[in-house]
Amino acid sequence: MATELDPQIVERLRGVMEPDFRASIVDLRMITHASSSRNKAQVEIATLAPLPEYSKELEGLVVDALKGDYKEVKVRVQPGTPSVLEEIAEALVAIEGTAAAAARLERKPPFSAGSSPTRVIGISSGKGGVGKSSVTVNLAVSLAKMGYEVGLLDADVYGFSIPAMLGIERKPQLIGNLMVPPVGYGVKVMSVGFFVSDDTPVIWRGPMLHKTLEQFIVDVFWGKLDYLLIDMPPGTGDVALSLGEYLPKSEVFVVTTPQLAAERVAQRSALAARKLKLPVRGVIENMSYFVGDDQKKYEIFGSGGGEALAESLAVPLVGKIPLSVTLREGGDTGVPENSGQGTKEFNELAQRIVDMGPARRYRSELKIN
Ligand SMILES: Nc1ncnc2c1ncn2[C@@H]1O[C@H](COP(=O)(O)OP(=O)(O)OP(=O)(O)O)[C@@H](O)[C@H]1O
Ligand SMILES: [Mg+2]
């Protein structure tokens, strides 16, 4: 079905990355036509259901890649025929690697194998409103800026907030059974928020929830991630149980605020993680202080909560994030923190988590005396 493709154009387009898959459009076999005559290039690209802004983005990338060599570049982005889409799906699986593809067929989560290079990190707390989602988003963006491949799973199915915080308006693309997560600020995102409208309350119960999380882990084309961050819902309910089952390799970081009362609640979530046998790696204190115009640090919410929790869990306090007006505004407008107060602390937090390396796995049957 593939027509002859002009090899020079194909070579030029090799560097064009599909915005969601983040793989070369050549490797993805998305180019259905490429020809040139008298300094004019014509390219046709097949996608799933091209939304206007998506098509524009892709067209722009193709034009940029070719305009140095051709006086005129015509690009058409259009829905692929079923057989073309099948080829794209096959190409995706090839890029993902055979181990991940095989795991998917058996409905095994792609990150559960001991050999998986992906660090799965749950961000948790016993109490709502302490800034879990803000911390997860900004940490993800910091890691992506450092050059890591980062995914973010919004597991807060009742109170999803991640798509809005990252300004993502595009829905996941569906290719067969595969969902391709949209990308914001370099972070691949999957959330219930993409599938329900804002005013519909999500009232799923255990089994449905479990199934949804399974799909979000198994049926999503996450690609080769270095980090998968999970914004856990507040409390210690069903979601944590499901994740413990699907992502047994997860590590947990607990977010708390400086008040000691918040610390006690956060501890509950840490203990729940322990029950699931997920290693709690550290505590992140959020809203730790406010730096005034006088450059003084004001501990508005008190102090000591993070240290106390870290000590009682015998894990390090890995970060103290200040109160930040830009962070709060960014959360509302979909522009995550990357210049204002808190940026430096998030970058340092990301670096510390990277430096810690993955959790060591202890198998209880392998006791060394
Ligand atoms: N360091 C910070 N400085 C200023 N505002 C912050 C900070 N961290 C969080 N916020 C603000 O506090 C509010 C709650 O934060 P966020 O939604 O991240 O908390 P959460 O723990 O995920 O809440 P929920 O339990 O509802 O999911 C938001 O308006 C957010 O912008
Ligand atoms: Mg939240």
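It should be emphasised that the depicted structure is a prediction, and the values quoted were computed from it without experimental measurement.

Considerations on unusual backbone geometry
Of note in the backbone geometry, Arg29 takes a positive phi value of approximately 55 degrees without being a glycine. Residues other than glycine seldom take positive phi values, yet Met287 does so here, at roughly 60 degrees. Tracing the backbone through its elements, the reader meets Met287 in the loop between strand E12 (280–286) and strand E13 (290–291).

Observations regarding a nonpolar patch on the surface
On the surface, a cluster of nonpolar side chains totalling about 280 Å² of accessible area is made up of Tyr298, Ile300 and Phe301. Mapped onto the elements, Tyr298 comes out in strand E14 (residues 297–298).

As for the site of ligand 1
Close contacts around ligand 1 come from 16 residues, with Gly129, Lys132, Ser133, Ser134 and Ser324 the closest. Between Val130 and ligand 1, the recorded distance is 3.2 Å, taken from a backbone N or O atom to an oxygen atom. Residue Ser133 places a side-chain N or O atom 2.8 Å away from an oxygen atom belonging to ligand 1. Relative to its unbound accessible surface of 620 Å², ligand 1 loses 77% to contact with the protein.

What to know about the environment of Glu345
Within the secondary structure layout, Glu345 lies in helix H12 (residues 343–356). Of the residues examined, Glu345 reaches a relative accessible area of 16% and is grouped as buried. Linking Glu345 and Pro322, residues 23 residues apart in sequence, is a C-alpha distance of 7.8 Å. The contacts of Glu345, once residues within four sequence positions are left out, are Tyr289, Lys320, Ile321 and Pro322.

A closer look at the pattern of salt bridges
In total, this model carries 13 salt bridges according to the counting rule given. Between Glu87 and Arg29 there is a salt bridge, with its nearest N and O atoms 3.7 Å apart. Here Arg29 lies in the loop between helix H1 (7–13) and strand E1 (31–37) and Glu87 lies in helix H3 (residues 82–96), a separation of 58 residues in the sequence. Arg29 gets classed as partly exposed once you look at its relative accessible area, which sits at 38%. Residue Glu251 pairs with Arg281 through a salt bridge whose shortest N-O separation is 2.9 Å. Of the two residues, Glu251 sits in strand E11 (residues 251–256) while Arg281 sits in strand E12, which places them 30 residues apart along the sequence. The class of Glu251 is buried, set by a relative accessible area of 2%. For Arg281, a relative accessible area of 13% puts it in the buried group. Each member of the salt-bridge network shares a partner with another, and the members are Glu11, Arg14 and Asp27.

Scoring rules and cut-offs
- Residues numbered from 1 in each chain as written.
- Chains lettered and ligands numbered in written order.
- Predicted model: local features only at pLDDT ≥ 70, side-chain atom pairs only at ≥ 80, totals over all residues.
- Heavy atoms only, no water.
- Helix = DSSP H or I, 4+ residues; strand = E, 2+ residues; numbered from the N terminus.
- Patch = residues over 30% accessible without salt bridge, like charges linked within 9 Å, V, L, I, M, F, W, Y side chains within 5 Å.
- Areas by Shrake-Rupley, 256 points an atom, 1.4 Å probe, with all protein chains shown as cover.
- Salt bridge = Lys/Arg side-chain N within 4 Å of Asp/Glu carboxyl O.
- Near = heavy atom within 4 Å.
- Polar contact = N/O pair within 3.5 Å; in protein donor to acceptor, adjacent residues only side chain to side chain.
- Buried < 20%, exposed > 50% of the residue type's maximum accessible area, 1.4 Å probe, protein only.
- Contact = heavy atoms within 4.5 Å.

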